[in-house]
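# Commentary on secondary and tertiary structure
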Amino acid sequence: MKILVINGPNLNMLGKRDKIQYGSVTLDDITKSMAEYIDWEFDFFQSNHEGFIIDKIHESLNVDGIIINAGGLTHTSVALRDALDIYQGPKVEVHLSDIYNREDFRKVNFIRDVCTKSIVGQKEKGYIFAIDYLKSYYNVI
């Protein structure tokens, strides 16, 4: 299995951001725990730039799945939504915080309807739950 894991704007600052909302682990901690959890090929990608994320999705149409934490782009980017819609495999949206119990603008979600699964409010465990979903999707034990 080859899985593209995309992290959007400001997720490179995990561990320094609001620890109540985002936890205290770093993005490196999350990627290490994912790689240790299952022996799949992961392509980890983080960018603070919308166009780079869209280009990465376009370049990765042959992967077995996408796990994406689009950060603030979740609430603003029709272009990201359209790029995700092009990819025909399973897409799991992950948010560390519960975006639906925060500020009103975070309740707007442009990508949810083009994702196969949405996981919110589980902090870093959300990424492991995303892997578990993909295992189930592909019937991998």
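Presented here is a report on the structure given in the accompanying data block. These numbers come from a predicted model, not from an experiment.

Once that is clear, we can look at the side chain of Ser47. Turning to its location among the elements, Ser47 is positioned in the loop between strand 2 (41-46) and helix 3 (50-59). Note on Ser47: relative accessible area 5%, which makes it buried. Of the polar contacts made by the side chain of Ser47, one reaches the backbone nitrogen of His49; its length is 3.0 Å. Non-local contacts of Ser47, meaning those with residues more than four positions away in its chain, are made with Asn7, Gly8, Pro9, Phe52 and Ile53.

Here the focus is the packing of helix 2 (residues 27-37) against helix 5 (residues 125-137). For the pair helix 2 and helix 5, the least separation of the axes is 10 Å and the interaxial angle reads 30 degrees. When the interaxial angle is binned, helix 2 and helix 5 end up roughly parallel. The chirality of how helix 2 crosses helix 5 is right-handed. Seen from helix 2, the contacting residues are Ile30, Ser33, Met34 and Tyr37; seen from helix 5, they are Tyr127, Ile128, Ile131, Asp132 and Lys135. Among the residues making up the contact of helix 2 with helix 5, the classes are represented as six nonpolar, one polar and two charged.

Attention now moves to the packing of helix 3 against helix 4 (residues 78-86). Two elements in contact, helix 3 and helix 4, have axes separated by 9 Å at closest approach and are oriented at 10 degrees. Considering the angle they form, helix 3 stands roughly parallel to helix 4. Packed against helix 3, whose contacting residues are Glu50, Ile53, Ile54, Ile57 and His58, the element helix 4 presents Ala79, Leu80, Ala83, Leu84 and Ile86 at the interface. For the contact of helix 3 with helix 4, the per-class residue count stands at eight nonpolar, one polar and one charged.

This part is about the packing of aromatic side chains. In total, this model carries three aromatic pairs according to the counting rule given. For the pair Phe42 and Phe44, a centre-to-centre distance of 5.3 Å together with 20 degrees between the ring planes defines the contact as stacked. Aromatic side chains Tyr137 and Tyr138 sit 4.9 Å apart centroid to centroid with 75 degrees between the ring planes, which places their arrangement in the edge-to-face category. Overall, Tyr138 belongs to the partly exposed group, its relative accessible area being 32%. Three or more aromatic residues link up through ring pairs in this structure, and these residues are Tyr133, Tyr137 and Tyr138. Here the guanidinium or amino end of Arg17 rests over the ring plane of Tyr22, the centre of that ring lying 4.1 Å away.

To continue, consider the nonpolar core. In terms of nonpolar packing, the biggest core is built from 22 residues, with Met34, Phe42, Ile67, Tyr127 and Ile131 touching the most fellow members. Elements with a minimum of two residues in this core: strand 1 (2-7), helix 2, strand 4 (91-95) and helix 5. Of the residues forming this core, the biggest block, five residues, is contributed by helix 5. Aside from chain neighbours lying at most four places away, what touches Phe42 is Ile3, Val5, Met34, Ala35 and Ile131. Of all hydrophobic cores here, the second largest spans 17 residues; its members include Val63, Leu73, Ile111 and Val114.

So, how was this worked out
- Residues numbered from 1 in each chain as written.
- Predicted model: local features only at pLDDT ≥ 70, side-chain atom pairs only at ≥ 80, totals over all residues.
- Heavy atoms only, no water.
- Helix = DSSP H or I, 4+ residues; strand = E, 2+ residues; numbered from the N terminus.
- Buried < 20%, exposed > 50% of the residue type's maximum accessible area, 1.4 Å probe, protein only.
- Polar contact = N/O pair within 3.5 Å; in protein donor to acceptor, adjacent residues only side chain to side chain.
- Contact = heavy atoms within 4.5 Å.
- Axes fitted to C-alpha atoms, helices over the stretch in contact; angles between N-to-C directions.
- Parallel < 35°, antiparallel > 145°, perpendicular 65-115°, else oblique.
- Left-handed = near helix turned anticlockwise from the far one by under 90°.
- Nonpolar A, V, L, I, M, F, W, Y, C, P; charged D, E, K, R; others polar.
- Phe/Tyr/Trp six-rings, centres within 6.5 Å; stacked < 30°, edge-to-face > 60°.
- Lys NZ or Arg CZ within 6 Å of the ring centre and 35° of its normal.
- Core = buried A, V, L, I, M, F, W, Y, C linked by side-chain atoms within 4.5 Å.

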